[in-house]
Amino acid sequence: VQLQASGGGLVQAGGSLRLSCAVSGRTFSGYAMGWFRQAPGKEREFVAGGISWSGDYTYYGDSVKGRFTISRDNAKNTVYLQMNSLKPEDTAVYYCAGTRSSYSRHFSDYTVWGQGTQVTVSS
């Protein structure tokens, strides 16, 4: 399976962006999909997860809960991350990723990664 993330860009604080992760090679079958982010000098941080072919049980990192929403479009084999009320501290490279685990917030459990898309939030 291959992942292609897109949709990043520059946005003012309080604005919104929607990231997309196109899944190719196979469907979601066997994987749960999620999003991580990494800011310069910081560890990779869990953002959202829980999208799988068997059903969705979405969960979020504390810093984005209530502002970000993960979803999918099966017909397009695409996972989305809707980001609202963006803050400067949301600035990072965002990665979509897949895991064989049914539930995980740790990057080491994710074995398939997209290339990342930059999100910059100006104050």
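Look up: the structure comes first, before these words.
Residues numbered from 1 in each chain as written. Predicted model: local features only at pLDDT ≥ 70, side-chain atom pairs only at ≥ 80, totals over all residues. Heavy atoms only, no water.

Q: Would you mind going over the packing of aromatic side chains with me for this structure?
A: How two aromatic rings sit relative to each other is given by the distance of their centres and the angle of their planes. Tallied over the entire structure, the rule returns 8 aromatic pairs. Ring geometry for Phe-36 versus Tyr-110: centroids 4.8 Å apart, planes at 75°, classification edge-to-face. You can see Phe-36 sitting in strand β4 (residues 32-38) and its partner Tyr-110 sitting in strand β10 (residues 110-113), a full 74 residues away along the chain. What makes Tyr-110 buried here is its relative accessible area of 4%. Relative to Tyr-59, the ring of Tyr-57 lies with its centre 6.4 Å away and its plane at 40°, an arrangement referred to as tilted. Put simply, the rings of Phe-36, Phe-46, Tyr-57, Tyr-59, Tyr-95, Tyr-103, Tyr-110 and Trp-113 touch in pairs and so form one group of aromatic residues. Stacked on the ring of Trp-113, the Lys or Arg Arg-44 has its end atom at 4.7 Å from the ring centre. (Phe/Tyr/Trp six-rings, centres within 6.5 Å; stacked < 30°, edge-to-face > 60°. Helix = DSSP H or I, 4+ residues; strand = E, 2+ residues; numbered from the N terminus. Buried < 20%, exposed > 50% of the residue type's maximum accessible area, 1.4 Å probe, protein only. Lys NZ or Arg CZ within 6 Å of the ring centre and 35° of its normal.)

Q: Just to check I follow, could you spell out the side chain of Ser-20 for this structure?
A: If you trace the backbone, Ser-20 turns up in strand β3 (residues 17-24). Sequence-distant contacts of Ser-20, defined by excluding residues within four places in its chain, comprise Gln-4, Ala-5, Ser-6, Trp-35, Thr-78, Val-79 and Tyr-80. (Contact = heavy atoms within 4.5 Å.)

Q: Mind showing me how you'd approach unusual backbone geometry here?
A: Trans peptide bonds make up the majority, and among non-glycine residues the majority have a negative phi. Its identity as a non-glycine residue notwithstanding, Asn-77 has a phi of 50°, on the positive side. Structurally, Asn-77 is set in the loop between β7 (68-73) and β8 (78-83). Its identity is not glycine, yet Ser-85 carries a phi of approximately 50°, on the positive side.

Read these as geometric descriptors, not functional statements.
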